[in-house]
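# Overview (structure and organization)
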Amino acid sequence: MLASIPSAIVLGVDGYPVTVEVHVGVGLPGLTIVGLPDAACREARDRVRAAVMAAGVAWPSKKITINLAPSGTRKMGSGLDLAMAMGVLVANGDLTGEQAHGLGFLGELGLDGTVRAVPGIVPLVDAVECEAVVVPVSAAADAVLVEGPKVRPIKTLGELFRVLKGDEPWPDHEFVPRLPRVEAGLDLADVRGQPVVRRALEVAAAGAHHLLMVGPPGAGKTMLASRLPGLLPDLGREEAMEATRVHSAAGRSLHGGLVTRPPFRAPHHTATMVALVGGGTEAMRPGEVSLAHAGVLFLDELAEFAPTVLDALRQPLEEGVIRISRAKFAARLPARVLLVAAMNPCPCGEAARPGACRCPEGLLSRYRRRLSGPLLDRFDLRIDVLLPEVDQLLGGEPGEPSAVVAARVRVARDRAVLRGVRANAFLTGPALERWAPLAPDARDLLATVLRTGRLSARGLARIRRVALTLADLAGYEGPLTAGQVGTALQLRADVAGVQGVAA
Amino acid sequence: MTAARQRLGAQGEDRAAAWYAHEGYEILVRNWRCRDGELDLICTKGRRVVVCEVKTRSSLKYGHPAEAVTVVKQKRIRRLAARWLAEGGAPFVPAEIRFDVAAVLPGEISVIEGAF
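Residues numbered from 1 in each chain as written. Chains lettered and ligands numbered in written order. Predicted model: local features only at pLDDT ≥ 70, side-chain atom pairs only at ≥ 80, totals over all residues.

A few words on the overall build of chain B. Along chain B, the regular secondary structure elements total two helices and five strands. Seen in sequence order, chain B has helices and strands lined up from the N terminus as α-β-β-β-α-β-β. Its C-alpha atoms give chain B a radius of gyration of 14 Å, within 12% of the compact-globule value 13 Å for 116 residues. The long-range fraction of contacts in chain B, counting pairs at least 24 apart against all pairs at least 6 apart in sequence, stands at 55%. (Helix = DSSP H or I, 4+ residues; strand = E, 2+ residues; numbered from the N terminus. Rg over C-alpha atoms; globule rule 2.2 N^0.38 Å. Contact = placed C-beta atoms within 7 Å.)

Turning to the sheet that holds strand S4 (residues 63-69) of chain A, a few remarks are in order. The pairing of strands in a sheet comes from backbone hydrogen bonds and takes either a parallel or an antiparallel form. All names here are of chain A. Spatial ordering of the open sheet is given by S1-S2-S4-S3, a layout of four strands whose pairing is mixed. Where the open sheet ends on each side, the last strands, each with one partner, are strand S1 (2-11) and strand S3 (30-34). Neighbour-to-neighbour, the strand axes of the sheet open up by a mean angle of 20°, direction not taken into account. Summarising the sheet, S1 and strand S2 (residues 14-25) pair through 10 bridges and their orientation is antiparallel. Residue pairing in the sheet places isoleucine 5 in a bridge with valine 20 of S2. (Pairing = 2+ DSSP bridges. Axes fitted to C-alpha atoms, helices over the stretch in contact; angles between N-to-C directions.)

The next point concerns unusual backbone geometry. Residues and elements named next belong to chain A. For the bond running from alanine 69 to proline 70, omega is 0°, close enough to zero to count as cis. Relative to the helices and strands, proline 70 resides in the loop between S4 and helix H3 (81-91). Although it is not a glycine, leucine 36 sits at a positive phi angle of roughly 50°. Among the residues examined, leucine 36 registers 16 C-beta atoms within 10 Å and is labelled partly exposed. (Buried ≥ 20, exposed ≤ 12 C-beta atoms within 10 Å, placed from the backbone.)

This part takes up the nonpolar core. Most often, soluble globular proteins keep nonpolar side chains buried together rather than apart. Ala85 and Leu106 of chain A are the most contacted members of the largest nonpolar core, which has 151 residues in total. Per element, the largest residue contribution to this core is nine residues, and it comes from H3 of chain A. Split by domain, this core shows at least three residues from each of two domains, domain 1 (2-165) and domain 2 (188-404) of chain A. With residues up to four places along the chain from it excluded, the contact list for alanine 85 of chain A reads Val48, Ala51, Val52, Leu109 and Leu157 of chain A. By size, the runner-up hydrophobic cluster in this structure holds 22 residues, among which are Ile42, Val69, Ile77 and Val101 of chain B. (Core = buried A, V, L, I, M, F, W, Y, C linked by C-beta atoms within 7 Å. Domains from an automatic or database assignment.)

Chain A puts five residues into the contact, and the matching count from chain B is eight residues. Partitioned by chemical class, the residues of the side of chain A that touches chain B number three nonpolar, two polar and no charged. (Nonpolar A, V, L, I, M, F, W, Y, C, P; charged D, E, K, R; others polar.)

On to the domain arrangement of chain A, then. Residues and elements named next belong to chain A. The domains assigned to chain A are domain 1 (2-165) and domain 2 (188-404). If you look at the interface, domain 1 gives 17 residues, while domain 2 gives 21 residues. Elements with a contribution of two residues or more to the side of domain 1 that touches domain 2: S1, helix H4 (121-127) and helix H5 (140-143). Among the elements that make up the side of domain 1 that touches domain 2, the one with the highest residue count is H4 (three residues). Grouping the constituent residues of the side of domain 1 that touches domain 2 by class yields 10 nonpolar, four polar and three charged.

Glancing now at the confidence of the model for chain B. Predicted confidence across chain B gives a mean pLDDT of 90, with 100% of residues reaching 70 or more. The complex prediction reports pTM at 0.80, with the ipTM value standing at 0.72. (pLDDT = per-residue confidence, 0-100.)

Glancing now at the packing of helix H2 (residues 44-54) of chain A against H3 of chain A. All names here are of chain A. Remark: H2 packs on H3, axes separated minimally by 9 Å, with the N-to-C direction vectors making an angle of 60°. Between H2 and H3, the crossing angle belongs to the class labelled oblique. H3 is crossed by H2, and the crossing has right-handed handedness. In contact with Ala44, Arg47, Val48, Ala51 and Val52 of H2, H3 contributes Asp81, Met84, Ala85, Val88 and Leu89. The class makeup of the residues in the contact of H2 with H3 is eight nonpolar, no polar and two charged. (Parallel < 35°, antiparallel > 145°, perpendicular 65-115°, else oblique. Left-handed = near helix turned anticlockwise from the far one by under 90°.)

Here helix H17 (residues 402-418) of chain A contains 17 residues, and its C-alpha end-to-end distance of 24 Å stays within 8% of the 24 Å for a straight helix at 1.5 Å per residue. On the buried face of H17 of chain A, the contacting elements are helix H7 (195-207) and helix H20 (457-473) of chain A. (Expected span 1.5 Å × (residues − 1).)

The next subject is the environment of leucine 36 of chain A. All names here are of chain A. Summarising the element assignment, leucine 36 is placed in the loop between S3 and helix H1 (39-42). Residues leucine 36 and methionine 76 lie 40 residues apart in sequence; the distance between their C-alpha atoms is 8.8 Å. Discounting chain neighbours no more than four positions away, the residues touching leucine 36 are Ser71, Thr73, Arg74 and Lys75.

Take the sheet that holds strand S16 (residues 381-384) of chain A next. Residues and elements named next belong to chain A. Taken together, five strands build an open sheet; the order of strands is S11-S12-S15-S10-S16 and the sheet is parallel. Each end of this open sheet is capped by a strand with a single partner; those strands are strand S11 (264-265) and S16. Strands strand S10 (211-214), strand S15 (338-343) and S16 of the sheet are contacted by H7, whose axis makes an angle of about 165° with S16.

Residues and elements named next belong to chain A. Residues of helix H6 (residues 157-165) that are buried include every one of Leu157, Leu160, Phe161 and Leu164, and no others. End-on view of H6: buried residues confined to an arc of 100°, all on one side of the axis. On its buried side, H6 packs onto H2, H3, strand S6 (108-109), strand S7 (115-116), strand S8 (132-136) and strand S9 (150-154). With its phi angle positive at about 95°, glycine 166 sits one or two positions after the end of H6. (Arc of directions from axis to C-beta.)

The next subject is the pairing of strand S5 (residues 108-112) of chain B. Residue and element names in this part refer to chain B. Of the pairings in the sheet, the one linking strand S4 (residues 96-105) to S5 comprises five bridges and is antiparallel in character. Residue pairing in the sheet places valine 101 in a bridge with isoleucine 112 of S5. The loop that links S4 with its antiparallel partner S5 comprises two residues; one of these, glycine 107, has a positive phi angle of about 70°.

Before going further, it helps to spend a moment on the packing of H20 of chain A against helix H21 (residues 482-490) of chain A. Residues and elements named next belong to chain A. Contact geometry of H20 with H21 gives a least axis separation of 8 Å together with a crossing angle of 120°. Compared by their axis directions, H20 and H21 come out oblique. Once H20 is placed against H21, the crossing between them reads as right-handed. Across the interface between the two elements, Ile463, Val466, Ala467, Leu470 and Ala471 of H20 pack against Gln484, Val485, Thr487, Ala488 and Leu489 of H21.

In structure tokens, the structure reads:
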């Protein structure tokens, strides 16, 4: 007897449909799984057998062959367990094909027949080709986020067997979405002083411009960066779906809802390349950059990251996606992030105060060399963060709250959308020419700077984008002024300690 | 091995031999032994030679008898069959060699033809 059961696997952040074909026939009793299963997938043999017996069904003493089609792609993990068990039950005649018709199955099996959740339920439900999909009850809250097949939550294989037999109705398991995480109310109002950095954060949020902050320890770089997501608008439906798929594929709980706020990821500087950009030989897990998709990636102590790791970021920063290729497969991971980086001006951190730096020259030059020119070039905003003034620390007025800044950011973003892009940072070539014309005095200023050789053609485009964002934030329309261009130039300074690359 | 278990095995082999005889096979050898092991039953029908491994159990408590014929055991039986042939055990050049497993339970015998 033959059965074929729809299921799916995850590769990267995308689901792919898999048909589990089961043949039960004459021969020595045993179970063979073919179709490139990995170790966890092959071990399904023992889990499926124990779970079927736990469901109160006799395990067939026959030769069972399971083929995972398409047989050429590698199958990872334990998410096909439930589909395999169903295939055995149908192929052995314990259930009729009619009883399982139109159903897809996702989930791992415990030896006692429990159906367990697997990572990536959102892309999985999206991919499986069926009218209704049976999922573990613990994953049901996430599964219903997908506009796709009807979701049937189930607790054990035994329960599912009785339902399909017709002995019981479909169970009505409660899958209350877990309470959403309460946003730790990080507000810009908490930050005292630092007008320049606040301005830079606002510009970064409004125009999606990457930001580099250089300053001594304790200046508040981390504090400021962590408040950036609060300035960004909610994710649109499409972005929210993309981010949700990434988080689901990474096995993170979604708390029963779409990811609607921009994520904030701050990987430690010891992160490996795979941890950052994703991959790994097995499941092509999304890395930190993808987890920060549609949100903020904060790299603290930028110069402490391994240079090879940082340079691996250049392509995703440019294209917004990461393409990982291995011998047997390739995955495409979303990676459109707003990059915020912070670093000390030198290893001892005192370079900003004249004469205070104790770093030997050799160490200093090594420290600076760790950041490649092409990477530094990708930061539209490069600013020095100084220690806040004493008066502002003690007393001083509380800063402008995030909500007020976020309102201005939203207006600026709306203007960018009218230009056909998500934010000004994505304006290129003719569109930039059209939307960011220069007033005569601005043209003169830029000509002067270009003549000094301190600004390249690419740098010029970046300056114009930032100046346009400044104009948007001010509600200004018309050719960009010398004042706006001048501010943009200041926000892209040769920051202290970091060797000035041609901007 | 206890006498009781030896008897159980021998009984199982008798029943398997009876089954093959009933199906029109000619029993060639029973319990062919060499230093590396034993072949339970070798029979022929036409120019076909059948090497049969008989596995007997008194209950299903420890699983189906046929499940006990593991890959390692299958390999050994193939090797022994090759040796039996090499030593001129077959009275003619066989056109086909088949490996069967006879699973014997109380009151029940099932023969898996061409099991491996």
